[in-house]
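Fold and contact review
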Amino acid sequence: MHMAGNGFSFQGPAEGVHALGSWITPADDLFLVTHMGFLQIDPEQWYLNINGLVENPMTLRLADLQAMPQREYMSFHECAGSPLAPTVAKRRIGNVVWKGVPLSLVLEQARLSDKASFIWTAGLEWGEYSGIEDAYQKDLPIDKALADEVLLALEINGQPLTCERGGPVRLVVPGWYGTNSVKWIGSITAAERRASGAYTTRFYNDPTPSGTKPVWSVAPESVIVSPSPVDQLQAGIPTGIWGWAWGDHRITRVEVSVDGGGTWQTAKVGPREGRSWQRFEFPWTPISGKHILMCRCANELGEGQPLSDARNAVHSVEVVASK
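Residues numbered from 1 in each chain as written. Predicted model: local features only at pLDDT ≥ 70, side-chain atom pairs only at ≥ 80, totals over all residues. Heavy atoms only, no water.

1. Considerations on the overall build of the protein
Just so we agree on the cut-off: Helix and strand definitions here come from DSSP, where helices need a minimum of 4 consecutive H or I residues and strands a minimum of 2 consecutive E residues; each element is numbered from the N-terminal end. With the radius of gyration taken over C-alpha atoms, the globule rule is written as 2.2 Å times the number of residues to the power 0.38. A simple rule labels every residue: compare its accessible area, found with a 1.4 Å probe on the protein chains alone, to the largest value its type can have, and call it buried under 20%, exposed over 50%, or partly exposed in between. By the convention used here, residues are in contact when the closest approach between their heavy atoms is within 4.5 Å. Using the Shrake-Rupley algorithm and a 1.4 Å probe, accessible areas are obtained, with residue cover drawn only from the displayed protein chains. The charge count includes Lys and Arg as positive and Asp and Glu as negative, but it does not include His or the ends of the chains. By convention, the point assigned to a charge is CZ for Arg, NZ for Lys, CD for Glu and CG for Asp.
For the protein, the helix and strand inventory stands at four helices and 25 strands. Whereas a compact globule of 323 residues would reach a radius of gyration of roughly 20 Å, the protein reaches 21 Å, a difference of no more than 12%. For the protein, the spread of C-alpha atoms along the three principal axes comes to 70 × 45 × 40 Å. When the 323 residues of the protein are sorted by exposure, 53% land in the buried category. Relative to all contacts within the protein whose residues are 6 or more apart in sequence, the contacts with residues 24 or more apart total 72%. When the accessible surface of the protein is split by element, carbon and sulfur atoms take 49% of a total near 14,200 Å². Taken together, the 27 basic and 34 acidic charged side chains of the protein have centroids lying 5 Å from each other.

Here you go:
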């Protein structure tokens, strides 16, 4: 195993959300984020330990997982942003198809104890981040861990996971922020309580009036893909506005503003597959001048987007239409 680099780093398309023109995001266009560096792991040497409150502790090799039943699941994949700046919207997002072994199947074979309330998942990533040296360990409530869509993923968009993508095997938790989808997974532990490492206690917790809340379920969010700030728009020529909306829960409403939030109008929202993002469209013919376009969405629970100071804050785009 080899670790390259250290510190929180990000790679992604220079055009940001305006490059996200396709329903399925090519793996080469999907963002790459790491806290402590990218690992290079020999697939032949990789193994996964399953222990803790189980009757049948196991060690699985890659070939063991490859021989088990697989499933595909389409899901958006979003980074929560830096845990040191949780109110800054980063909009690192894509929509991909994962394939792998349901985590529930592995836990079933390990025979979970009735006392298990959380599943700890630890990656092989280890190093210093923000002055703390620790392994990258997260946890899932038992109900989420047993959900059919949570995978020990072996593939993305029909191709084996590369080391940069957390391969040969990573955890994938559809509907939850990417920080929970542990890359280079090396151990799974069933426990009665939450994990006590830095990435569950210090990082990735949001303050609320009643205390801290783990950064788990993805809040409703939407972005305008087109038009972009560099598009040359012509006044009087139908342009249209379209983008993506997503969240852990299905998006049922998207609104668009063409006057910087002064007025809002309802856009058409498409369906979703699995936990894919949903396309929205709004017909628009610009007049001459500068326009600030904005979008906001709400999910089936009625939850929406704040205007600012949140990782899912309303997205805006400034465009100019010439005569």
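So, next bit.
2. A word on helix H2 (residues 103-110)
Every α-helical turn comprises 3.6 residues, leaving residues that sit three or four positions apart pointing alike. Short version of the rule: Arc definition: it is the arc formed by the directions from the helix axis to the C-beta atoms.
Among all positions of H2, only Leu103, Ser104, Val106, Leu107 and Ala110 are buried. Buried positions in H2, seen along its axis, are confined to an arc of 160 degrees and lie on one side of it. Backbone geometry just after H2 places arginine 111 at a positive phi near 60 degrees.

3. Some details on the pairing of strand S25 (residues 315-322)
Applicable threshold: DSSP-based pairing: two strands are paired if at least 2 bridges between them are found.
Judged by which residues are buried, S25 turns out to be one-sided: His315, Val317, Val319 and Ala321 face inward and are buried, whereas Ser316, Glu318, Val320 and Ser322, on the alternate face, are not. Pairing of strand S24 (residues 289-299) with S25, which is carried by seven bridges, proceeds in the antiparallel orientation. Of the residues in S25, the one forming a bridge with histidine 291 is valine 319.

4. Structural notes on the pattern of salt bridges
Applicable threshold: When a carboxyl oxygen of Asp or Glu is within 4 Å of a side-chain nitrogen of Lys or Arg, the pair counts as a salt bridge.
Under the definition given, this model contains twelve salt bridges. We note a salt bridge from arginine 253 to glutamate 255, for which the minimum N-O separation is 2.9 Å. For arginine 253, a relative accessible area of 39% corresponds to the partly exposed category. For glutamate 255, the salt bridge is made with arginine 296, and the minimal N-O distance between the two is 2.7 Å. With glutamate 255 in strand S20 (residues 251-257) and arginine 296 in strand S24, this residue pair connects regions lying 41 residues apart in the sequence. The class of glutamate 255 is buried, set by a relative accessible area of 14%. Each member of the salt-bridge network shares a partner with another, and the members are Lys144, Glu149, Asp248 and Arg275.

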